[in-house]
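# Chains, contacts and geometry: an overview
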Amino acid sequence: MRYFSTRDQIAPVTFSEGLLMGLSPDGGLLIPEVLPTFSEKQIIEFSHYSFVDIAKIIAKQFAKNDILENQMDKICDDAFNFPILLKKSKNHTAILELFHGPTCAFKDIGARFLASAISQLQSLKKEKLTVIVATSGDTGSAVASAFFQKPFVEVIVLYPDGKISPRQEIQLTCWGENIKSFAISGFFDDCQRIVKEAFLNPWWKSNKNLISANSISIGRILPQTFYYAWAALKYFSEFGKKPGFIIPSGNLGNATACLWAKKMGFPIREIVMSTNINHAVLDYSKNGHFLPHPTISTLANAMDVGNPSNMERVLNLFKDYKEFQKEITVLSVNDSQISECIAQGEKKWGEIFCPHTATAVYAREQLQSQDWIIVATAHPAKFETIVEPLIQKSVIIPAALEKLLMKKISKKVLPAELEKLKLEIL
Ligand SMILES: *Cc1c(COP(=O)(O)O)cnc(C)c1O
């Protein structure tokens, strides 16, 4: 399988070349040359497979003819060592819980697959590399946790000092060994600027084999197709109906994976993107004009995105916006609706939701049709400062998170300068 750019201006790359590439050199995003497809007979056969078994089948197609093809069983077993649950709920609806990994958000799934694959690749090549990420919270902890103690890889995480929650900070600073995290005196944008400067800087170029691991990384999107395939099959075989998915969306990586899984032939009826009041995709769905805007802060902060980075991958799937409208519904949910949904969660659904998942639950409540799967992207205990006042009790902390919160942290504050970071790394 080869990978092309959405802008079609580069020679195709292999799966393992794609893993190490962030943005394509022509400014586009990598996409598979063709999506693997499966016959109806195969799909029926897959119905009773476990998540990991389905992951292995699809992963081998994505890595076909690559040096990692034969490593895919091992990579999937290593990456997916925690449960993914499809829970039947009320009102012809199921909830896909993707937050039982080490940092309690769905980003663990993509980050752990990427980390496993890259570490395997570097072990074969016997070459070291450095992953550098700027984070405003969730991404950094998933990436740090995924690469912790992986051979041949070092990780540098930059986050804005004082701008993330105390629990998020612990999850970034509790690692040590091959994970180096720094609190930058400044904003998230300063962290991102330093990352960009490092990629252009001669010292970093000649001394560190740098790669990024942000939400455009193809190695994070591909594994997200696995759970859509598995959950759709499971729902279909149990209820005989194709489910629609409602996906809390920000940079649209998760929604892209669902669109790909549908194209691959898995029984997915339709897709709803639930967003907060950041409205670039909503506007596009209404009028066909994609206009990025400055980010608006909301309660669902991991979805605070004014310029969704995977939009180019989504648009690449459709001839025009009429076709987009046919396949995708966008529903925008504001902070008071998110709060109301969290407050009513136990009464209406018997569940406590995180603010991101709450956008999908709210969207579900607006839809008349049946057979929906709500994608639950994070555990509510990660956002206790928002959730607890609304439900007027404390959220039980899952064991995985508890384990991290008990670890010793080591925090290092740095001025927002690349040179200072170099001195620390030397
Ligand atoms: C990152 C994130 C999202 C948004 O996912 P995208 O792939 O960027 O659309 C939603 N919920 C949570 C909890 C997240 O961490």
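Right above here is the structure, for reference.
A short tour of the structure in this document, coming up. Predicted model only: the values in this text are computed from it and were never measured. (Residues numbered from 1 in each chain as written. Predicted model: local features only at pLDDT ≥ 70, side-chain atom pairs only at ≥ 80, totals over all residues. Heavy atoms only, no water.)

Bringing the packing of aromatic side chains into the picture now. Tallied over the entire structure, the rule returns 17 aromatic pairs. Ring centres 6.1 Å apart and planes at 85° place the aromatic pair Phe-51 and Trp-230 in the edge-to-face group. Of this pair, Phe-51 sits in helix H3 (residues 51-62) while Trp-230 sits in helix H11 (residues 224-239), placing them 179 residues apart in sequence. Judged by its relative accessible area of 9%, Trp-230 falls in the buried class. Ring plane angle 50° and centroid distance 4.6 Å describe the contact between Tyr-235 and Phe-239, whose orientation is recorded as tilted. With Tyr-235 and Phe-239 both in helix H11 and four residues apart, the pair spans about one turn of that helix. Assessed through its relative accessible area of 32%, Phe-239 is described here as partly exposed. One aromatic cluster in this structure is built from Phe-51, Phe-80, Phe-113, Phe-226 and Trp-230. Its end group placed over the ring of Phe-187, Lys-163 keeps NZ or CZ at 4.7 Å from the ring centre. Above the face of the Trp-372 ring, Arg-269 is positioned so that its terminal group lies 4.7 Å from the ring centre. (Phe/Tyr/Trp six-rings, centres within 6.5 Å; stacked < 30°, edge-to-face > 60°. Helix = DSSP H or I, 4+ residues; strand = E, 2+ residues; numbered from the N terminus. Buried < 20%, exposed > 50% of the residue type's maximum accessible area, 1.4 Å probe, protein only. Lys NZ or Arg CZ within 6 Å of the ring centre and 35° of its normal.)

What follows deals with the sheet that holds strand E13 (residues 413-415). Spatially, E8-E5-E6-E7-E13 is the arrangement adopted by the five strands of the open sheet, whose pairing is parallel. The open sheet is flanked by strand E8 (210-212) and E13, the only strands paired with a single partner. Adjacent strand axes in the sheet meet at a mean angle of 35°, parallel and antiparallel pairs treated alike. As paired strands, strand E5 (residues 129-134) and strand E6 (residues 153-160) are joined by six bridges and run parallel to one another. Bridge pairing links Ala-134 to Leu-158 in E6. (Pairing = 2+ DSSP bridges. Axes fitted to C-alpha atoms, helices over the stretch in contact; angles between N-to-C directions.)

Purely geometric numbers; function is a separate question.
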